[in-house]
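Per-entry structural report
Given next are the chains, with one letter for each unit.
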Amino acid sequence: MNPPRASRLGLTLFVFYLLLYLGFVLIAAFSPSLMEWRPFDGLNLAILYGFGLIGIAILLALIYGAFTKTRLDDSVGDATRGPVTNPPRSASETPS
Amino acid sequence: MMHDVSPMAVAIFFLFVGGTVGLSFRLGRNAKSSAGYFAAHGQIPWFVNGIAFAGDYLSAASFLGICGMIAAYGYDGFLYSIGYLAGWIVALFVIAEPMKRLGKFTFADALDSRFDSRGIKLAAGISTLAVSIFYLIPQMVGAGVLIQPLLGFPHWVGVLLVGVTVILIVVTAGMVSTTWVQFIKGSLLVIFSLILTILVLARGLSVPGGQSVPGVEGHSDLDRGAAWETIGPLSADEWSRTTQIDGRSILPDEDGWDRKRWVRLQSMPEGNASQQPGASPGGGGFTPFEVVTLDSSQVLLREAQAVTRRADGSELINGWVKGRGENQRLLRPVGHLSRLPEGQTSTGPLGPLEYLRVLQDSEVVLWGSHPIKHSDGSVTTIHYQRPTDGSRVLRPGEHPTFAGIRSGQTIDRIEFLSLMMALFCGTASLPHILIRYYTVKDESSARKSTIVGITSIGLFYVLTLYLGLGAMTSGALDVQDTNMAAPLLARSISPLLFAIISAIAFTTVLGTVSGLILASSGAVAHDLLAGFFGVRLSSDRQVRVAKLAAVVVGAIAILLGIAFQKMNVTFLVGWAFSIAASANLPALVMLLFWSGTTRQGIIASVIVGMSSSLIWILLSGDTYQKVYGWPAEDAWPPFSQPGIVTIPLSFVTLVIVSWLTKTRGETSGWSAAE
């Protein structure tokens, strides 16, 4: 059996978000005055980037959910994973 | 600050808590076996589990601590919101599904899935206990903070009440009721925060007393602090000679007071009471003012508040005995705007983005504090006004912890990066979050509930910014306690809302504490006792041991909650995240992504990550200053947040130890392990 991993899509989205977060943290740490810049609609970068990070996290989660639904749901009942649904009592009694 | 106790608030509060405990008793009947106690039989629907994630995660720290920090310093509190949410991305994309696939009841199960090693169970069990206890402290502190204004009990009663209630919940029911309690709380928290935010936006922004001084243009900006008195500007020359202002004599510089910075105007006692016990010489108290030097020739006196804590622990407010009676004083609530853009006095309802735009161009009065030590051992803390541009409030760097990023010193920048890194890596390593992956039936449900969790938590964090900023300008804040910002904001709108918000916040504490105690009891009964010591217990006995462990951990949490009363809860949570991220994340990630990981590598990584971050925190400047009361400069680590050093250290340890132990015939392939 292969090592249990997250999907390739998951990792791609993860790296994307990691870079975005890193950008925010680095600006705050090394060029804090840039956070006062108002690039759009009279709002400063701190607000736009901060809200952006929250909004994009939600968006990526939803994208991930939508794209993996069909592919992963097929394998949910896969016997190789063992009886995950309602494990028999004996399994839970044996200290591992 | 002292608060009035309203019977309605008390009634609503007990309704909530009673309902929660009642629910837990009802659901608890189904949780007799260990599968039921630790993992709710894996039968929780994914949507419920997702909201329960939010309930677990949006703890007292998120709700009280972040709102309080935003209310006191602006954007800096929001940095925590951003970091906490970003951590969920790690949980969703990297940890969620493998975690569900590998484990059964606890985080140690997952780490140990390939090896069946007692050492791993021991290390993971201990790290679960360490993180849980550190995370428990701020929750308990939050409970004490809430109970005081709501029911009028002292801090320790609040902590005790939470401790006992939670032990009751955990012991009677385990994961089933903990989950449902979290679901209800998570929903209520998000819904009522939304309502509160809408009310804040509908109230808009206003300058108090703005209308009452029309036409006064000269020094209007500073004068509009309305209820707060401003004297001057006075010429510096005149100021240096004057001994009396408006018939109030200036109390002499003595015992630590220095007229260059602070000055006291005498205020006479009411009625015919003469000398108050402990009051300043001459009877009565005083009104403290900050002496603001405008330029070399002019000074301005701006009203402040002074709290003197005497050696016996009693407090004087502005030199008066603390209380409501004649010749007694209480601290006044604070939080107002001193200027709106274009000289407006009130904006009326604002849209969410407009609210931020207007605030950005306004001036807000924040509060600073300054201690004055006296010869008899008492200490006066002066709380003074700090008029601050809105543009500074809406950018990072006002809070002392974050101010370093503007100091230009590399070490302060590294500390900031370290904190943001710990928040990012910490979420996916918190034991009470990880055990929630075992309450759903499969990986798909684990993923879906994480998505529901992220969505509701993200929405909530956006709301925290408005709640914090709303509180900042509500005129209801307590200068001594930032943790109360959100409930006090609610009270400035309506007493009913205050009761509901406080009750929700309190039940939030209950839920999070239950989750943590459950995780700890699982670590003791399942990982340590059964896993490490090999004690063979029947399912029933294992549950009984876990319940006993819950009582012990609960008792420890109560004691620590009382000991750490004075600290901002968000700050404390930062520590728990650092320890979790250093101890758990490297092992978890490497196990999933590197087939060369060995048993010894995992054990070493958990132990090194946990002990290095723990030692770093215990020796840090913040702990020296705020916990032991020693000077921060004596501390050994160069900065207080350990993450940036200890997380990589834990990774490196794992890789090196794995390389060294690989040749001894340790199974490295997956095929052999399963």
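Overview of the confidence of the model for chain B
All names here are of chain B.
- Per-residue pLDDT for chain B has a mean of 80; in total, 88% of the residues score no lower than 70.
- Scored below 50 in pLDDT, residues 273–282 makes 23 contacts in the model with residues more than four places away or belonging to other chains.
- When the criterion is pLDDT under 50, residues 666–674 qualifies, and its contacts beyond four places in sequence or with other chains add up to 16 contacts.
- Scoring the predicted complex yields pTM 0.83 and, for the interface, ipTM 0.83.

Some thoughts on the environment of B:Ala86
- Assignment of secondary structure puts B:Ala86 in helix α5 (residues 75–102).
- The exposure class of B:Ala86 is buried, given the 24 C-beta atoms found within 10 Å.
- Taking C-alpha positions, B:Ala86 is 9.7 Å from B:Met420, a pair spaced 334 residues apart along the chain.
- Once you skip the residues sitting within four places of it in the chain, B:Ala86 turns out to touch A:Tyr21, A:Leu53, A:Ala57 and B:Phe424.

Topic: unusual backbone geometry
Residues and elements named next belong to chain B.
- Within the chain, Asn318 stands out as a residue other than glycine whose phi angle is a positive 50°.
- Along the chain, Asn318 turns up in the loop between β8 (315–317) and β9 (320–322).
- Of note, the phi angle at Glu342 is positive, near 55°, even though the residue is not glycine.
- Tracing the backbone through its elements, the reader meets Glu342 in the loop between β11 (336–339) and α12 (352–360).

Notes on the sheet that holds strand β1 (residues 230–235) of chain B
Residue and element names in this part refer to chain B.
- Spatially, β1-β6-β5-β4 is the arrangement adopted by the 4 strands of the open sheet, whose pairing is antiparallel. The two strands at the open ends of the sheet, each matched to only one other strand, are β1 and β4 (262–267). Pairwise comparison of adjacent strand axes, ignoring direction, gives a mean angle of 30° for this sheet.
- By the bridge criterion, 6 bridges tie β4 to strand β5 (residues 285–295) in an arrangement that is antiparallel. Paired with Gln266 across the strands is Phe286, a residue of β5.

Focus: the pairing of strand β6 (residues 298–303) of chain B
All names here are of chain B.
- Here 4 bridges tie β1 to β6, and the two strands are oriented antiparallel to one another. Paired with Ser235 across the two strands is Gln298, which belongs to β6.
- The pairing of β5 with β6 spans 6 bridges and is antiparallel. Bridge pairing in β6 places Asp295 opposite Gln298.

Considerations on the sheet that holds strand β7 (residues 305–309) of chain B
All names here are of chain B.
- The strand order β10-β9-β8-β7-β13-β12-β11 describes an open sheet built from 7 strands, whose pairing is mixed. Two strands in the sheet have a free side with no partner beyond their single neighbour: β10 (328–329) and β11.
- For β9 and β10, the ladder comprises 2 bridges, and the chain directions are parallel. For Lys322, the partnering residue across the bridge sits in β10 and is Arg329.

Here's the deal with the nonpolar core
- Formed by 216 residues in total, the largest nonpolar core has its most connected members in A:Ala57 and B:Ala486.
- Among the elements that line this core, the one with the most residues is helix α19 (residues 495–532) of chain B, at 21 residues.
- Within the second largest apolar cluster, 15 residues are counted, among which are B:Trp262, B:Ala306, B:Val307 and B:Ile317.

Overview of the packing of α5(B) against helix α17 (residues 443–472) of chain B
Residues and elements named next belong to chain B.
- α17 packs onto α5 with a crossing angle of 180° between their chain directions and a minimal axis gap of 9 Å. As far as their axial angle goes, α17 and α5 are roughly antiparallel.
- Its residues assigned to classes, the contact of α5 with α17 comprises 12 nonpolar, 7 polar and 5 charged.

Criteria and cut-off values
Residues numbered from 1 in each chain as written. Chains lettered and ligands numbered in written order. Predicted model: local features only at pLDDT ≥ 70, side-chain atom pairs only at ≥ 80, totals over all residues. pLDDT = per-residue confidence, 0-100. Contact = placed C-beta atoms within 7 Å. Helix = DSSP H or I, 4+ residues; strand = E, 2+ residues; numbered from the N terminus. Buried ≥ 20, exposed ≤ 12 C-beta atoms within 10 Å, placed from the backbone. Pairing = 2+ DSSP bridges. Axes fitted to C-alpha atoms, helices over the stretch in contact; angles between N-to-C directions. Core = buried A, V, L, I, M, F, W, Y, C linked by C-beta atoms within 7 Å. Parallel < 35°, antiparallel > 145°, perpendicular 65-115°, else oblique. Nonpolar A, V, L, I, M, F, W, Y, C, P; charged D, E, K, R; others polar.

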